[in-house]
Amino acid sequence: MDSSNGRGRRRLDRSAIAAVFPVAALTPFWLLALAVVWLPLWLVFSIPFWVLPVGWLVAGLALFVPSVQAIVLSPVFGARQPTPEELAVITPIWRELAVSANLPQHRYIIRVIDSDELNAFACGGNLLIVTTFAIEELGSRQLSGVLAHELSHHLGLHTAALTIGHWLSLPVLALARVGFYLQNVARAATDSFASHSAALTAVGRVVALLLNGVAWVFLAALHASDAISNVVAQSSEFEADRRAVRMGYGRALADALRTVIRLGGGDRAVGWRARLG
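Residues numbered from 1 in each chain as written. Predicted model: local features only at pLDDT ≥ 70, side-chain atom pairs only at ≥ 80, totals over all residues. Heavy atoms only, no water.

### Concerning the overall build of the protein
Within the protein, the secondary structure is distributed over eleven helices and three strands. Along the protein, from the amino end to the carboxyl end, the secondary structure elements read α-α-α-α-α-β-β-β-α-α-α-α-α-α. For the protein, buried positions account for 45% of its 277 residues. Here the contacts in the protein between residues at least 6 apart in sequence split such that 75% fall between residues at least 24 apart. (Helix = DSSP H or I, 4+ residues; strand = E, 2+ residues; numbered from the N terminus. Buried < 20%, exposed > 50% of the residue type's maximum accessible area, 1.4 Å probe, protein only. Contact = heavy atoms within 4.5 Å.)

### Brief notes about the sheet that holds strand β2 (residues 120-123)
Ordered in space as β1-β3-β2, the three strands form an open sheet in which the pairing is mixed. Whereas interior strands pair on both sides, the edge strands pair on one side only; in this sheet they are β1 (109-113) and β2. Mean inter-strand twist for the sheet, computed between neighbouring axes without regard to direction, equals 25 degrees. With four bridges connecting them, β2 and strand β3 (residues 127-131) associate as antiparallel partners. (Pairing = 2+ DSSP bridges. Axes fitted to C-alpha atoms, helices over the stretch in contact; angles between N-to-C directions.)

### Topic: helix α7 (residues 140-155)
Helix length check: α7 (16 residues) gives 22 Å between terminal C-alpha atoms against 22 Å at 1.5 Å per residue, within 8%. The element α7 is extensively covered by neighbouring structure, given that 14 of its 16 residues are classed as buried. Just downstream of α7 lies L157, where phi reads positive at about 60 degrees. (Expected span 1.5 Å × (residues − 1).)

### Side note on the packing of aromatic side chains
Per the counting criterion, the structure on display carries four aromatic pairs. Relative to F49, the ring of W38 has its centre 5.5 Å away and its plane inclined at 75 degrees; by these criteria the two rings are edge-to-face. Of this pair, W38 sits in helix α2 (residues 20-45) while F49 is found in the loop between α2 and α3 (51-61), placing the two residues eleven residues apart along the sequence. On the basis of relative accessible area, W38 is assigned to the buried category, the value being 18%. Between W56 and W167, the ring centres sit 4.5 Å apart and the planes meet at 20 degrees, which makes this aromatic pair stacked. Residue W56 is located in helix α3, and its partner W167 is located in helix α8 (residues 158-193); the two are separated by 111 residues in the primary sequence. Owing to a relative accessible area of 16%, W167 belongs among the buried residues under this scheme. The rings of W38, W42 and F49 are connected pair by pair, giving a single aromatic cluster. (Phe/Tyr/Trp six-rings, centres within 6.5 Å; stacked < 30°, edge-to-face > 60°.)

### Some points on the environment of V178
Summarising the element assignment, V178 is placed in helix α8. Accessibility expressed as a relative area gives 41% for V178, which makes it partly exposed.

### Description of a nonpolar patch on the surface
Taken together, L39, W42, L43, V44 and F45 make up a surface patch of nonpolar side chains, about 560 Å² in accessible area. Along the chain, W42 falls in helix α2. Overall, the relative accessible area of 40% leaves W42 in the partly exposed class. (Patch = residues over 30% accessible without salt bridge, like charges linked within 9 Å, V, L, I, M, F, W, Y side chains within 5 Å. Areas by Shrake-Rupley, 256 points an atom, 1.4 Å probe, with all protein chains shown as cover. Salt bridge = Lys/Arg side-chain N within 4 Å of Asp/Glu carboxyl O.)

### A word on the packing of α7 against helix α10 (residues 250-263)
Their axes nearest at 7 Å, the elements α7 and α10 cross at an angle of 105 degrees. Regarding the angle of α7 to α10, the classification is roughly perpendicular. Residues R141, Q142, S144, G145, V146 and H149 of α7 form the contact with α10, whose participating residues are R251, A252, L253, D255, A256 and T259. Looking at the contact of α7 with α10 residue by residue, the class counts come to four nonpolar, five polar and three charged. (Parallel < 35°, antiparallel > 145°, perpendicular 65-115°, else oblique. Nonpolar A, V, L, I, M, F, W, Y, C, P; charged D, E, K, R; others polar.)

Function-wise, these values are silent; they only describe arrangement.
Next up, the structure:
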């Protein structure tokens, strides 16, 4: 294929730019979560605050290294290397797709997740994960459409901001969970040890209420970021479909979606938080 069509080149499209907005919405709460972690470190070790966000961002950038994606992200999603039988199905399809898209065949890493979810998903910068449902239930032509769609997310750089956003959300999620946990601890301690004192009971309930409020602030930030991400995701899916059509896989993708609907394939969880539960 002539490389002048640009089908295999990464190109920042509108959906990838729009994906920055949920990241921007989450950033203040990410910094606030890191500040909560930093304060005791500063009191004990006098560590400047900038070390934490810079260190977290550097660690996040490592997720775009292919080998790190294979070692770190694959276990996060519960993905594994394809079996020889699965490779026999995937390899010829992927080889043809790579040629059609004008890409080196080994630029991207394909992993498998044991699931009856929809089909496949792209994450990081080079990782494509396909489900056993897709491998076992879709024909080779239909599977090629699915992989073309997910590859299109990478080529449109849709996964870049998504990966960064999920990485920034992890400390926010952790603080929300810790807040709810400490709220329950404060409430239990109040009921167990301060029930004889109205004053102590009141203090305990105020502490529990404050912790609950802090936890809900972080949780609300996650929900707001997710709501914006869902709006952006609709656009990115459309862009990925359009690129797959330009690559010549539009009919194959449509056939795959019809088969999934007919077989009742389950909805897939999108994003790390949904998969980490």
